[in-house]
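Chain by chain, the residues run as shown.
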Amino acid sequence: MKTLLLVAAAVVAAFLTIAQFGTAGWTRPPILAQQHGFRGTGMDQIQTKAGAAALKAANVAPDPAEPVEQGSEKAGTTYENVQVLKDVSVEEFNRLMTSMTEWVAPEQGCTYCHNTENMADDSLYQKKVARRMIQMVQHINTSWKEKHVGEAGVNCYTCHRGQPVPKNIWFENPGPNYKTAFTPRNNGQNMASPSVGLASLPYDTLSEFFGKKDVDENLIRVNATTALPESKGKPIQAAEKTYGLMIHMSSALGVNCTYCHNTRAISNWSQSTPQRTLAWHAIRMVRDLNGNYIEPLTSTFPANRLGPTGDAPKLNCATCHNGQSKPLAGAHVVETYPELTQVTADAAATQEPGKAPAQEPTKEPSPNPPQ
C-alpha cells in the first residue's frame, strides 16, 4: 500500500510539473544564430528575434538633408568667425548646420550652440566644443577610414542620436571615497561597474586602456607567447583588467567573444577573424580621439560637465556602436556630406594651447601583435 501511494504521489507530481511548465507561458524565445566560424568551434552570434528587431529599430540612420546647388561664395567670407568650414560653400555650410541641429540638438535648436543675436559670438562653450568635434569627425573619416570606419564613415548622429550629450560616455572612476580617517583599498574592483558587465572586475579599466594616447603596446596582452615562461609575466590583476575590457567591447558591439576570437586559440592572431584586426585599430582610434580631441577640451567644459575627478566626458566603443557590431547597421552616413570626409581646416591651427596635433593611426598589426 505504501509503495502504491509513493508511485501515485510521484505520478501526480510529474503531471503537476508538466502542467506548470505547459501552462505558465514559459517558451523558448525564437533565436537568431549566425555561424561565424568553422563548424564545431562554437563561433556563433546569438540573439533573440525580439531583441534583434528592437536593436535594429533603435539604430536607424536619419535621412540626409535635401541636396543643394553649389554656389561660389564661401562660408568663411560670407559669415564672421567661421574657422573650420570656411572653405565650404555657403549652401553646403547651411545644409550641414541644419543637419547638425537635427543630429545633436533637435529640441534646443540653433540656440544650443549659438547666440542668435550674434552668430559670430563664441561665448557659449557648446560652440567651441562643436567646432572641435567637427574636426574630430573629419579626422575619423580621413585618417581612420582604411583602418576602421571604411566607406560608411561617421557623422554627429553616430554618437549623439538626437541628444546634446551622447548616451554612452564615461569618466574616470575614483572609487570609494570614505570621509573617515583611513583610505579604503579594494584593489580597484568589487563595485559592479556597468563597463565590466557588473562583475567584480576592476571598475576603471577604461581609464587605463582608452584614456591615454601614449601607452605600452603590450598593455592589454596577458597571454604568454611561448610554451614555457621566459620572464616574470604579468599578475592576475592585469588579466582581470584585460578581461574587463573584453567584456566592455563585447557588450558595446552586442556580440560574443567569438566575433573576434577563435575558441580553440583565443590569443592566436592567425586563427582569429578579420574583425579582431578592426578591433585592434579601434582601440588605438579611441585613444587618439580621447587624447587629442576630448581631453584638450577639459578647460572648455563647465564644471558641471566634468567627471568626479575633473576629467572631460570621453568616448568608448559603445559611444558609436550602441550595441551593434556596425554603428547604425553599417549605414553610409557621410556620402552626402563631403565636407565631413576631408580636412577643411588645419587641425594644428585650432589645437588647444600646449597640446600636440592629432596623431596618425598606428600601422597594421603583425601576425601576432601586442594588444
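About the criteria used
Residues numbered from 1 in each chain as written. Predicted model: local features only at pLDDT ≥ 70, side-chain atom pairs only at ≥ 80, totals over all residues. Heavy atoms only, no water. UniProt positions renumbered as here; feature names shortened; annotations may be inferred. Core = buried A, V, L, I, M, F, W, Y, C linked by side-chain atoms within 4.5 Å. Buried < 20%, exposed > 50% of the residue type's maximum accessible area, 1.4 Å probe, protein only. Helix = DSSP H or I, 4+ residues; strand = E, 2+ residues; numbered from the N terminus. Contact = heavy atoms within 4.5 Å. Salt bridge = Lys/Arg side-chain N within 4 Å of Asp/Glu carboxyl O.

With an unreviewed UniProt entry as reference, the protein chain is termed Photosynthetic reaction center cytochrome c subunit, source organism Methylorubrum suomiense. Taken verbatim from the UniProt record of the protein chain, the Function (unreviewed entry) comment is "The reaction center of purple bacteria contains a tightly bound cytochrome molecule which re-reduces the photo oxidized primary electron donor."

Q: Provide a residue-level description of the nonpolar core, including the pertinent values.
A: In this structure, Leu85, Trp103, Met136 and Phe210 are the most contacted members of the largest nonpolar core, which totals 57 residues. Mapped onto this core, the elements with two or more residues apiece are helix H4 (90–104), helix H5 (125–143), helix H7 (156–160), helix H8 (205–209), helix H9 (236–253), helix H10 (274–294) and helix H11 (317–321). The element that contributes the greatest number of residues to this core is H5, accounting for eight residues. Other than its neighbours up to four places away in sequence, methionine 136 contacts Leu289, Tyr293, Ile294 and Leu315.

Q: Please give an account of unusual backbone geometry that cites residues and values.
A: Although it is not a glycine, arginine 161 sits at a positive phi angle of roughly 55 degrees. Notably, alanine 329 is not glycine yet its phi reads approximately 60 degrees, a positive angle. Summarising the element assignment, alanine 329 is placed in the segment after H11. Residue classification places alanine 329 among the exposed residues on the basis of a relative accessible area of 54%.

Q: Which residues make up the pattern of salt bridges, and what values do they have?
A: Summed over the entire model, instances satisfying the criterion amount to eight salt bridges. One salt bridge in this structure joins glutamate 92 and arginine 95, with 3.8 Å as the shortest N-O distance. Residue glutamate 92 and its partner arginine 95 are located together in helix H4, separated by three residues, close to a single helical turn. Summarising the burial analysis for this pair, glutamate 92 and arginine 95 share the class buried. We note a salt bridge from lysine 241 to glutamate 208, for which the minimum N-O separation is 3.1 Å. With lysine 241 in helix H9 and glutamate 208 in helix H8, this residue pair connects regions lying 33 residues apart in the sequence. One continuous salt-bridge network, built from bridges that share partners, spans Asp122, Lys127 and Arg131.

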